[in-house]
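Below, each chain spelled out in residue letters.
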There are 2 protein chains.
Amino acid sequence: MSAIYLVTDASLCDQAGHTLEFVVEAALQAGVRWIQLREKEETTRNFVRKAQQIQQLTQAYGAKLIINDRIDVALAIDADGVHVGQSDMPYALARRLVGPDKIVGLSVTNLAEWEEAEAWDVDYFGAGPIFHTDTKRDITPPMGLEGLRHMRQHSQHPIFAIGGIHEHNLDALMQTGIAGVAVVSAICSATDPATAARRLLHLTQHVQSS
Amino acid sequence: MSAIYLVTDASLCDQAGHTLEFVVEAALQAGVRWIQLREKEETTRNFVRKAQQIQQLTQAYGAKLIINDRIDVALAIDADGVHVGQSDMPYALARRLVGPDKIVGLSVTNLAEWEEAEAWDVDYFGAGPIFHTDTKRDITPPMGLEGLRHMRQHSQHPIFAIGGIHEHNLDALMQTGIAGVAVVSAICSATDPATAARRLLHLTQHVQSS
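The rules behind each value
- Residues numbered from 1 in each chain as written.
- Chains lettered and ligands numbered in written order.
- Predicted model: local features only at pLDDT ≥ 70, side-chain atom pairs only at ≥ 80, totals over all residues.
- Heavy atoms only, no water.
- Least-squares fit on C-alpha atoms with pLDDT ≥ 70 in both.
- Contact = heavy atoms within 4.5 Å.
- Salt bridge = Lys/Arg side-chain N within 4 Å of Asp/Glu carboxyl O.
- Helix = DSSP H or I, 4+ residues; strand = E, 2+ residues; numbered from the N terminus.
- Buried < 20%, exposed > 50% of the residue type's maximum accessible area, 1.4 Å probe, protein only.
- Buried area = accessible area lost by both parts, 1.4 Å probe.
- Polar contact = N/O pair within 3.5 Å; in protein donor to acceptor, adjacent residues only side chain to side chain.
- Nonpolar A, V, L, I, M, F, W, Y, C, P; charged D, E, K, R; others polar.
- Phe/Tyr/Trp six-rings, centres within 6.5 Å; stacked < 30°, edge-to-face > 60°.

Peer 1: Which residues make up the relation of the copies chain B and chain A, and what values go with them?
Peer 2: Both copies of the chain are placed relative to one another by a rotation about an axis and a shift along it. Superposition of chain B onto chain A requires a rotation of 180 degrees combined with a translation of 0.0 Å along the rotation axis, giving an RMSD of 0.0 Å. Taken together, the turn and the small shift mark the pair as related by a two-fold rotation axis. Residues of chain B ranked by C-alpha distance from the rotation axis are headed by Asp72(B), positioned 2.3 Å from it. When the interface residues of chain B are mapped onto chain A, 100% of them again lie at the interface, so the same face is used by both copies.

Dropping the structure here:
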């Protein structure tokens, strides 16, 4: 699977003059194989409809579609999995609702949250923010590269770093040996999302093979 | 079951100086046996926690707890059912996710929506608004008593009227022969929600036995 994980933000796509579908397909064409659909403003009906549209794209490219927070939406479209944060469905409930065969990813924003969850059967951790980020309005203190390195050394689970990740800091993150990075604005806000995704993927491959 | 169906609005309860739990328990003590938990602003985690708290009350009183819109929350707490509106999960998907044994109620705001859904296995319709209401910000043209009467005569399903229902117009609604009325502000905004609920129940019983 790709080391770049796209987490969507429809309003950022819109601000950049693109539809969400256009950005997702651009990322898929570039080689991204993890798409997380994140919708906090849509009605349930629109979220389901949009998820079905995005699923046609992810299935065509053999990519994973993960639904953020909304397990009802994930179940309705039979998505590949869900991603839950610390304000979403508690992990054990989420796992019970989607079953053992689906992907369940969990956000951890600090080492205490990671330590609590390390023994659970999470499929991956989304760890961050590592750096300062403008994507999330609530200010969570960054975990830093040191925190990420500690997690990487002691965790049995794949880790995707998230939060404020762009071309210039991607190398330092990948050097910690994590599975990949989750990006939002680096692709959603790009004038040319396909090129942005291709450059990010190239940078991760450079590190992985070095 | 009671002919009064309480649909919660936590902010109205708060404005009236009460907690949601206080209002729900007051309604249960008065004899209300249908509680619909409606939360549009809460995080999923808080919604689940609140639903678990309310469920302790509904179970203690032998009342039904129905979750508005969020099938994930309903599944997580094993609620008695879900209520979906026209912007929520499409009915067939909602039914498939919760299974045949749970209650699924459907909002219809006009006769066309009702006609489309009449052949489905809905457990009840929430029909309205019948009158003008201030609870919902989006202005849906009222169905009117004539529309409600038409539905009542031709529907195989129980009907609860909803929207702008208070003591003064409850009698006219119940005279149409519907199963009951769903109220929001008539109980949530009441200074004394137990007395408000008792008076509403008394009015429905008066009509039912007359």
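Peer 1: How would you summarise the pattern of salt bridges if you had to cite specific residues and measurements?
Peer 2: A side chain of one charge can pair with a side chain of the opposite charge when the charged atoms of the two come close. For the coordinates displayed, the defined rule picks out 22 salt bridges over all chains. For the salt bridge of Lys40(B) with Asp88(B), the shortest nitrogen-to-oxygen distance reads 3.8 Å. With Lys40(B) in the loop between strand S2 (34–37) and helix H3 (44–60) and Asp88(B) in the loop between strand S4 (81–84) and helix H5 (91–98), this residue pair connects regions lying 48 residues apart in the sequence. Take Lys40(B): its relative accessible area is 43%, and that puts it in the partly exposed class. Asp78(B) is the partner of Lys102(B) in a salt bridge, and the nearest nitrogen-oxygen pair spans 2.6 Å. Taken together, the positions of Lys102(B) in the loop between H5 and strand S5 (103–108) and Asp78(B) in the loop between helix H4 (71–77) and S4 put the pair 24 residues apart, joining distant regions of the chain. Assessed through its relative accessible area of 22%, Lys102(B) is described here as partly exposed. One network of salt bridges, in which partners are shared, links Arg70(A), Asp72(A), Arg70(B) and Asp72(B).

Peer 1: So, the interface of chain B and chain A: which residues are in play, and what are the values?
Peer 2: The partner chain A presents 21 residues to the 21 residues of chain B that form the contact. Both sides of the chain B and chain A interface together cover about 1,600 Å² of buried area, and 58% of this is carbon and sulfur. The closest approach of N and O atoms between Asp72(A) and Arg70(B), which form a salt bridge, is 3.8 Å. Where chain B touches chain A, the interface holds 14 residue pairs in polar contact (both at pLDDT 80 or more). Those elements that place two or more of their residues in the side of chain B that touches chain A are H3, H4 and H5 of chain B. Considering every element that reaches the side of chain B that touches chain A, the biggest residue donor is H4(B), with 5 residues. Classifying every residue of the side of chain B that touches chain A by side-chain character gives 10 nonpolar, 5 polar and 6 charged.

Peer 1: I'd like a rundown of the packing of aromatic side chains, residues and numbers included.
Peer 2: Where two aromatic rings form a pair, the distance of their centres and the angle of their planes describe that pair. One pass over the structure, following the stated rule, counts 14 aromatic pairs over all chains. Taking the centre distance of 5.3 Å and the plane angle of 35 degrees together, the rings of Tyr5(B) and Trp34(B) count as tilted. Taken together, the positions of Tyr5(B) in strand S1 (residues 4–7) and Trp34(B) in strand S2 put the pair 29 residues apart, joining distant regions of the chain. There is no split in this pair, since Tyr5(B) and Trp34(B) are both buried. By relative accessible area, which is 11% here, Trp34(B) ends up buried. Through a chain of ring-to-ring contacts, three or more aromatic side chains come together here, namely Tyr5(A), Trp34(A), Tyr124(A) and Phe160(A).

Peer 1: Please give an account of helix H2 (residues 20–30) of chain B that cites residues and values.
Peer 2: For H2(B), every residue scored as buried is listed here: Leu20(B), Val23(B), Val24(B), Ala26(B), Ala27(B), Leu28(B) and Ala30(B). One or two positions beyond H2(B), positive phi appears at Gly31(B), with a value near 120 degrees.

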